[in-house]
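# Working through the structure, step by step
Here are the chains, one letter per residue:
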Amino acid sequence: MSGPNLAETVVEYLIAQNVRYIFGVLAHTLFPFGDAIAKHPQLRFINAQHEGGAGNMALGYARVTKQPAVCLVSAGGGATNIVTAVAQAYKEAVPLFVISSDIGTASMAKGHWASWHGMEHVRLFQPITKQSTRLGRVEELGSVLDSLFRQTTRGRQGPVFFCIPEDLQETHLPEPLSFAPTANPAAPAVDTRTVANAVDRLLDARNPVMLVGTGVDWSGAQDEARELAELLSLPVASSYTAKGVFPENHPLALGCLGNGGRMYARQFFQDADLLLAVGTSFSEGTTLGFGNKTVPEGAKIIQIDTDPEQLGRNYPTEIAIQADAKVALGAIIDGVKSRAPKAAPTDRAEAIQQAKQTWKNDIDQTIGKQNLGYASVLRALNDLLTGNEILTTSGMTGDTLRNIDSKVPIIHAGEFRAIGTALATAFGVKIGRPEARVICVTGDGSFMMEQQELATARYHNIPIMVLILRNNAYGGMRRDQMNNYGGRIIGTELFIPDLAKLAELYGAKGYSVTKKEELTPVFKQALAK
């Protein structure tokens, strides 16, 4: 039979959706897909060393391009290896389209576990995806493929899982499928009365503040958040996952709130009588345990989110607005401007700058007393950042980035807190934003979990800078063990090889820094490459 087979049809569909990269690990059960990709030079396959690395690359790519990222994994172990990345995408609302092979339909009749690589793939991914499904017949492709792909970005974004039996991949369709472009639905307008009420509350508030989450980044509402903050002189903090969504060199920026935050941010929020929360879920990390450590007791809350399940879920709201952040903030800005509001006080920005300077002075004292530590390392890096850099990190290392004044969003595992993800994520970021200087900041324990992906960077020529904070341990866990268990530690100390030499083995340039005076010269050399 002439015409494309099923694998070729899927690949042609992805190209029609402007997909240009597929991240994965090829296997025998995926050879039809591999051959279909090879026939289309405009589509590049990024073969990772491990499916988990492929998933993390896809996460980084999706975060910076704001487009669904596609992963290709094989049945059995290939699929289970990507579970962590998919779970993170589900928790952090990142659009991933994961395609997996499955055992053949004839073998399936013998049971999931009867054949090589056989398992219940669909049930495994159901709790961590928006939809997990297996193609039963080739005739079903037309009704399933487009619907699944679009689910990644409809409503609350997230991953989907599509399992295709090996034998169906080479089967020809009864008739060819056409994939005419379909316009994405326009964001619905917000209710004018609700917006008017929100404007009233903001103008009447004594000490309003704004909390921004990744929803502001995904909707491209950074300019609107900044304009509203400047109109009303709103101190602005970000959630842990959204560090840098509001530029931290702005006079009204408080940095992160909660974990990874600066103490003065919490004080500004405690003094607030109104909190405007945009695209954030009031998570455990941001609220430091869902109490009133960061969210002031008695303060009124206006919450904006596309997902109705998030509105009022963790804290009661005075006004709940289900809307795209960009649309809602634009409407509020128009409402504020139409009221000819009183002049915004300038003392809030001055107070923030005073608090920030006091905090920095304390950091300077710490740096002066130590030879080499997190504070001195990150201060040296921060002083060299121009705004064209994108940082990635993972796990508890993200907490140390409170010392970075990020002008753009930092990409990391968020409150999923997975380690062993920052390096591969950085590669995905660089692929998606080749013009940016990408810097991976990671701990040595986390790096060792994924150091093999340096081979991926070498093979595909993905240039980034990797900064490893070395302490021969899972540092945060070792510290907490010592503090809570009488100094006893187990399972948190590590053997770490000479990482500069390891880098050389992968064809990279390696540096080892032991004195704080060496930091700036070495960073300049690394950033210049």
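Up top is the structure these notes are about.
First, a word on scope: everything that follows refers to the structure included in this document. (Residues numbered from 1 in each chain as written. Predicted model: local features only at pLDDT ≥ 70, side-chain atom pairs only at ≥ 80, totals over all residues. Heavy atoms only, no water.)

### What about a nonpolar patch on the surface?
On the surface, Ile 419, Met 449 and Met 477 cluster together into a nonpolar patch covering about 250 Å² of accessible area. Looking at the secondary structure, you find Ile 419 in the loop between β14 (411-412) and α19 (422-432). When its relative accessible area of 31% is taken as the criterion, Ile 419 is described as partly exposed. (Patch = residues over 30% accessible without salt bridge, like charges linked within 9 Å, V, L, I, M, F, W, Y side chains within 5 Å. Areas by Shrake-Rupley, 256 points an atom, 1.4 Å probe, with all protein chains shown as cover. Salt bridge = Lys/Arg side-chain N within 4 Å of Asp/Glu carboxyl O. Helix = DSSP H or I, 4+ residues; strand = E, 2+ residues; numbered from the N terminus. Buried < 20%, exposed > 50% of the residue type's maximum accessible area, 1.4 Å probe, protein only.)

### Focus on the pattern of salt bridges
Pairing between side chains of opposite charge can happen when their charged atoms approach one another. Applying the stated criterion across every chain yields a total of 23 salt bridges. One salt bridge in this structure joins Lys 326 and Glu 224, with 2.9 Å as the shortest N-O distance. You can see Lys 326 sitting in helix α15 (residues 325-338) and its partner Glu 224 sitting in helix α12 (residues 222-232), a full 102 residues away along the chain. The exposure class of Glu 224 is buried, given its relative accessible area of 15%. Measuring nitrogen to oxygen at the nearest pair gives 2.7 Å for the salt bridge that ties Glu 248 to Lys 243. With respect to burial, Glu 248 and Lys 243 carry one shared label: buried. What you see here is one network of salt bridges that share partners, running through Arg 262, Lys 356, Lys 360 and Asp 405.

### Notes on the packing of aromatic side chains
The geometry of an aromatic ring pair is captured by the separation of the ring centres together with the interplanar angle, meaning the angle of the planes. Summed over all chains, the structure comprises eight aromatic pairs. A centroid spacing of 5.7 Å and a plane angle of 85° characterise the contact between Tyr 13 and Phe 149, whose relative ring orientation is edge-to-face. In this pair, Tyr 13 is assigned in helix α1 (residues 6-16) and Phe 149 in helix α8 (residues 141-151), connecting sequence segments 136 residues apart. Tyr 13 sits in the buried class, given a relative accessible area of 0%. An angle of 65° between the planes, with centres 5.6 Å apart, marks the rings of Tyr 21 and Tyr 61 as edge-to-face. Here Tyr 61 lies in helix α3 (residues 51-65) and Tyr 21 lies in strand β1 (residues 21-24), a separation of 40 residues in the sequence. Residue Tyr 61 is classed as buried on the basis of its relative accessible area of 11%. Grouping aromatic residues by their ring pairs yields a cluster made of Tyr 13, Phe 97, Phe 149 and Phe 162. Seen from the ring of Trp 218, Lys 66 lies directly overhead, with NZ or CZ sitting 5.6 Å from the centre. (Phe/Tyr/Trp six-rings, centres within 6.5 Å; stacked < 30°, edge-to-face > 60°. Lys NZ or Arg CZ within 6 Å of the ring centre and 35° of its normal.)

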